[in-house]
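As a plain string of letters, each chain reads:
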Amino acid sequence: QVQLVESGGGLVQAGGSLRLSCSASGRTISSYGMGWFRQASGKVRQFVARISSSGGSTYVDDYVKGRFTISRDNAKNTVYLQMNSLRPEDTAVYYCAASLTVVPSLRQGNYPYWGQGTQVTVSS
């Protein structure tokens, strides 16, 4: 069983940056594909980015491409989401998730393990 805890969220002005961290415990995540998702108030949770177990393959969704970067440090059992040029529409609760698939898909059903989320609020 993998436990995931997100951190690094907060309030930031538009144009600013935040780095989210997802720390895993209970099991090493070096064999897990990992993903970040987000859910804005009143909206469905959506895919943001995913990274393969080795970190060699990454993918971010089009609406954050060029602004967000996903990375991981398997030695620290941690996954990161670097968010630059933040916009008010990026405001959401951000969730980290772990997949048993080495290169996970974008679908939420591919991720059996989820963190509790961290709030990101971007003011205009």
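To be clear, the structure that these remarks concern was listed above.
Counting restarts for each chain: residues are numbered from 1 in the order of the written sequence. Given that this is a predicted model, residues contribute local features only at a pLDDT of at least 70 and side-chain atom pairs are listed and counted only at 80 or more, while totals for whole chains, interfaces and linings are drawn from all residues. Each side-chain value is worked out from all heavy atoms of the structure, with water and hydrogens disregarded.

Colleague: Could you give an account of the packing of aromatic side chains, naming the residues involved and the relevant values?
Modeller: Stacked, edge-to-face and tilted labels apply to pairs of Phe, Tyr and Trp rings (six-membered ring for Trp) whose centres lie within 6.5 Å, assigned for plane angles under 30 degrees, over 60, and everything in between, in that order. Counted under the stated rule, the structure contains seven aromatic pairs. Taken together, a centroid distance of 6.2 Å and an interplanar angle of 65° make the contact between Y32 and Y113 edge-to-face. Separated by 81 residues along the polypeptide, Y32 in the loop between β3 (18-25) and β4 (33-39) and Y113 in strand β10 (residues 113-114) bring together distant segments of the chain. Relative accessibility thresholds used throughout: buried, under 20% of the residue-type maximum; exposed, over 50%; partly exposed, between the two (1.4 Å probe, protein chains only). For Y32, a relative accessible area of 3% puts it in the buried group. On the numbers, 6.0 Å between centres and 25° between planes, the contact of F47 with Y59 is stacked. Of this pair, F47 sits in strand β5 (residues 46-51) while Y59 sits in strand β6 (residues 58-60), and the two are 12 residues apart along the sequence. Its relative accessible area of 7% is what places F47 among the buried residues. Within the aromatic cluster, the residues linked to one another by ring pairs are F37, F47, Y59, Y95, Y111 and W114. Runs of E in the DSSP output that reach at least two residues are strands. Runs of H or I that reach at least four are helices, and both are numbered from the N terminus.

Colleague: Run through the pairing of β3, naming residues and quoting values.
Modeller: By the convention used here, strands pair only if DSSP detects at least 2 bridges between them. As defined by bridge partners, strand β1 (residues 3-7) adjoins β3 across five bridges and the pair is classed as antiparallel. Looking across to β3, one finds that V5 is bridged to S23. As paired elements, β3 and strand β8 (residues 78-83) share six bridges and run antiparallel to each other. Within the sheet, the bridge partner assigned to L18 lies in β8 and is M83.

Colleague: Describe the sheet that holds β8, naming the residues involved and giving the relevant values.
Modeller: On the basis of which strands lie adjacent, the open sheet formed by four strands has the order β1-β3-β8-β7 and antiparallel pairing. Edge positions in the sheet fall to β1 and β7 (68-73), since each has one partner strand and no second. Taken over all neighbouring pairs, the strand axes of this sheet differ in orientation by 15° on average, direction set aside. Angles here are taken between N-to-C directions and fall from 0 to 180 degrees, while the axes themselves are lines fitted to C-alpha atoms, restricted in helices to the stretch in contact.

Colleague: Quick one: what's the story with the state of the cysteines, residue by residue and with numbers?
Modeller: For this text, the term disulfide refers to a pair of cysteine sulfurs within 2.5 Å. Considering all chains together, one arrives at one disulfide under this definition. Note that C22 is cross-linked by a disulfide to C96, the S-S spacing being 2.0 Å. The sign of the -75° torsion about the S-S bond sets the C22-C96 disulfide as left-handed. Note that C22 is positioned in strand β3 and C96 in strand β9 (residues 92-99), a separation of 74 residues in sequence.

Colleague: Now, about the pattern of salt bridges: what can you tell me, with residues and values included?
Modeller: Think of a salt bridge as a Lys or Arg side-chain nitrogen and an Asp or Glu carboxyl oxygen that are within 4 Å of each other. Enumeration over the complete set of coordinates arrives at three salt bridges. A salt bridge links R38 to D90, with the shortest nitrogen-to-oxygen separation between them at 2.9 Å. Taken together, the residues R38 in strand β4 and D90 in the loop between β8 and β9 connect sequence positions 52 residues apart. Comparing R38 with D90, the two get one shared label, buried. Here R67 ties to D90 by a salt bridge, and the two come within 2.7 Å at their closest N and O atoms. Highlighted residues: R67 in the loop between β6 and β7 and D90 in the loop between β8 and β9, separated in sequence by 23 residues. With respect to burial, R67 and D90 carry one shared label: buried. Via salt bridges that share partners, R38, R67 and D90 belong to a single interconnected network.

Keep in mind these values describe shape, not function.
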